[in-house]
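Now for the letters of each chain:
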Amino acid sequence: MKRILTGIRTSGPLHLGHYIGALKTWVDLQHKDYECFFLLADIQALTTHADNPKLIQESVKDTVLDFLAAGLDPTKDNVNFVLQSAIPEISELTTYFTMVTPFAWVQKNPTIKEELKQLSKGATLGFMNYPVSQAADILMVSHDPKDSEEPVLVPVGDDQVPHIESTNHVSRAFNNTYGKTFGECKALVGDFGRLVGLDGNSKMSKSLNNCIYLKDEKEEVRKKIMSMYTDPKRIHPDDPGTVEGNPVFIYHDAFNEDKKEVEDLKKRYKEGTVGDVEVKEKLFDAIEKFLEPIRKRRKEFEGKDIMKYVADGTRKAQEIAIGNVDRARKAMGLDYPTIRQ
Ligand code: TRP
């Protein structure tokens, strides 16, 4: 069976950007013929939040709830929730991969460059190494190239594409040095790779404080939408406004299922015959229509033993990882059967 591995770092609750860039596609893919591994990347969360273990631990649970609320279904045989820190084989693979990864590859990675600018403190080695660790996340479920050439599919937002490319570089570098051991991976980016923030910033992100969270209550959502950034050049409701790049309309495109209404609002906005308040009210209704069932499902799962799903999924991923790390050790001459039991 073809494999999918993807993940989210557990450093806070999930927001609409996560949904549009990732979860929406994941929910569809789980119904197809793929073995799916959805990773709760708690070690990766440490790369930016090492001083806040409590936040990470709470976020693991929060993320599982968000996964369930968004419609991922771990009771399906092919759907696995996986806790990164519970699979030591990932850390072992990461170490091996660092030996064949030139530091310059990481320094050139555009996502790393962007994130470096946002770090409040200097980068740790752990931070600089996270693309390599992400390669280990993905390649731990690589098929043995002797059995199958199928790449691991990685459905992600567009900011993750450099990490997928570097995973293939790491796999090739390992294979060139030690013989063909790992397969490759392939990014699947949805139509809506990234969602702008409420403030018009290019990305919705917790650190920029410009998010609507999947678990936000109705009034919170209303407040956030009513204070959204729109067209700064437009002062009066009868000024002709700009639709392109306007976050309110980007959200309408992403969440409002009534396409006719969206077209009508766009037309009137450009003509100067509709005010920002009405456009935002309509957006609020559309987003509420989307969030309500998610909120309801979340409440149904709250208080239930949801971590059992993580235990089951982690076990399944680890079985595959153990086989792959064994193969890597053998390739590297690190197999000492009389010593390692
Ligand atoms: N880097 C991803 C994020 O920021 C999380 C992640 C960790 C991931 N490991 C992965 C994504 C493996 C895809 C594949 O959310």
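Refer to the structure printed above.
Owing to the predicted nature of the structure, the values given are computational and were not obtained by experimental measurement.

Chemist: So what exactly am I meant to see when it comes to the side chain of Glu35 here?
Modeler: Here Glu35 is to be found in strand S2 (residues 34–41). At 3.1 Å, the side chain of Glu35 forms a polar contact with the side chain of Arg3.

Chemist: I keep staring at helix H9 (residues 161–178) and nothing clicks. Help me out?
Modeler: Quick reminder: α-helices carry 3.6 residues per turn. Residues three or four places apart thus point the same way. Counted at 1.5 Å a residue, the expected span for H9 with its 18 residues is 26 Å, and the 26 Å between its end C-alpha atoms agrees. Along H9, the positions that sit buried rather than exposed are Pro162, His163, Ile164, Ser166, Thr167, Asn168, Val170, Ser171, Ala173, Phe174 and Asn175. Two residues or fewer after H9 comes Gly179, characterised by a positive phi angle close to 95°.

Chemist: Is there a simple way to think about helix H11 (residues 247–255) in this case?
Modeler: Taking burial as the measure, the nine residues of H11 include eight buried ones, the bulk of the element. Within the span of H11, buried status applies to Pro247, Val248, Phe249, Ile250, Tyr251, His252, Ala254 and Phe255. Looking at the buried residues of H11, the elements they touch are helix H1 (16–29), helix H12 (259–271) and helix H13 (276–301).

Chemist: Sorry if this is basic, but what is going on with the packing of helix H2 (residues 42–49) against helix H3 (residues 53–70) here?
Modeler: The axes of two packed helices give the description: the angle between them and the distance between them. For the pair H2 and H3, the least separation of the axes is 10 Å and the interaxial angle reads 145°. The element H2 and its partner H3 pack so that their crossing is right-handed. Mapping the contact onto sequence places Asp42, Ala45, Leu46 and His49 in H2 and Pro53, Leu55, Ile56 and Val60 in H3. The residue inventory of the contact of H2 with H3, partitioned by class, reads six nonpolar, one polar and one charged.

Chemist: Got a minute to help me understand the packing of aromatic side chains in this structure?
Modeler: Aromatic rings in a pair are described by how distant their centres are and how their planes are angled relative to each other. The full count for this structure, using the stated rule, is 13 aromatic pairs. Consider the rings of Phe174 and Tyr178, whose centres lie 4.9 Å apart with planes at 50°: the pair is tilted. Residue Phe174 and its partner Tyr178 are located together in helix H9, separated by four residues, close to a single helical turn. By relative accessible area, which is 0% here, Phe174 ends up buried. Here the aromatic cluster, defined as three or more aromatic residues joined through ring pairs, consists of Tyr19, Tyr251, Phe255 and Phe290. Between the NZ or CZ atom of Arg234 and the centre of the ring of Tyr269, over which it lies, the distance is 4.0 Å. Stacked on the ring of Phe301, the Lys or Arg Lys304 has its end atom at 6.0 Å from the ring centre.

Chemist: Got a minute to help me understand the pairing of strand S4 (residues 152–155) in this structure?
Modeler: A regular strand places its side chains so that they alternate between the two faces of the sheet. Burial of the side chains of S4 extends over both faces: Val152 and Val154 are buried on one face and Leu153 and Pro155 on the other. Note on the crossover from S4 through H9 to strand S5 (residues 185–188): the handedness is right-handed.

Chemist: Sorry, what's going on with unusual backbone geometry here?
Modeler: Negative phi values dominate among residues other than glycine, just as trans dominates among peptide bonds. Backbone geometry at Asn209 places phi at a positive 55°, although glycine is not the residue there. Mapped onto the fold, Asn209 is located in the loop between S5 and helix H10 (218–226). Take Asn209: its relative accessible area is 70%, and that puts it in the exposed class.

Chemist: Explain the pairing of strand S1 (residues 2–9) to me, please; I cannot follow it from the model alone.
Modeler: Summarising the sheet, S1 and S2 pair through eight bridges and their orientation is parallel. Bridging across to S2, Lys2 finds its partner in Tyr34. With respect to chirality, the unit in which S1 leads through H1 into the neighbouring parallel S2 is right-handed.

Chemist: Would you mind showing me how to read the site of the ligand here?
Modeler: Around the ligand there are 14 residues in total, and Arg9, Gln44, Gln134, Asp137 and Gln160 lie nearest to it. Contact distances for the ligand include 3.3 Å between an oxygen atom and a side-chain N or O atom of Arg9. Asp137 places a polar side-chain atom, nitrogen or oxygen, 2.7 Å from a nitrogen atom of the ligand. When the ligand is considered free in solution it has 370 Å² of accessible area, and contact with the protein chains removes 92% of it.

Chemist: Just to check I follow, could you spell out the packing of helix H8 (residues 130–139) against H9 for this structure?
Modeler: Two numbers describe how H8 lies on H9: the axes approach to 9 Å, and their chain directions differ by 75°. The pairing of H8 with H9 is recorded here as roughly perpendicular in orientation. In this structure, H8 contributes Tyr130, Pro131, Gln134, Ala135, Ile138 and Leu139 to the contact, and H9 contributes His163, Ile164, Ser166, Thr167, Val170 and Ser171. For the contact of H8 with H9, a count of residues per class yields seven nonpolar, five polar and no charged.

Reading the values: the criteria
- Residues numbered from 1 in each chain as written.
- Predicted model: local features only at pLDDT ≥ 70, side-chain atom pairs only at ≥ 80, totals over all residues.
- Heavy atoms only, no water.
- Helix = DSSP H or I, 4+ residues; strand = E, 2+ residues; numbered from the N terminus.
- Polar contact = N/O pair within 3.5 Å; in protein donor to acceptor, adjacent residues only side chain to side chain.
- Expected span 1.5 Å × (residues − 1).
- Buried < 20%, exposed > 50% of the residue type's maximum accessible area, 1.4 Å probe, protein only.
- Contact = heavy atoms within 4.5 Å.
- Axes fitted to C-alpha atoms, helices over the stretch in contact; angles between N-to-C directions.
- Left-handed = near helix turned anticlockwise from the far one by under 90°.
- Nonpolar A, V, L, I, M, F, W, Y, C, P; charged D, E, K, R; others polar.
- Phe/Tyr/Trp six-rings, centres within 6.5 Å; stacked < 30°, edge-to-face > 60°.
- Lys NZ or Arg CZ within 6 Å of the ring centre and 35° of its normal.
- Right-handed = clockwise from strand over helix to strand, strands pointing away.
- Pairing = 2+ DSSP bridges.
- Near = heavy atom within 4 Å.
- Areas by Shrake-Rupley, 256 points an atom, 1.4 Å probe, with all protein chains shown as cover.
- Parallel < 35°, antiparallel > 145°, perpendicular 65-115°, else oblique.

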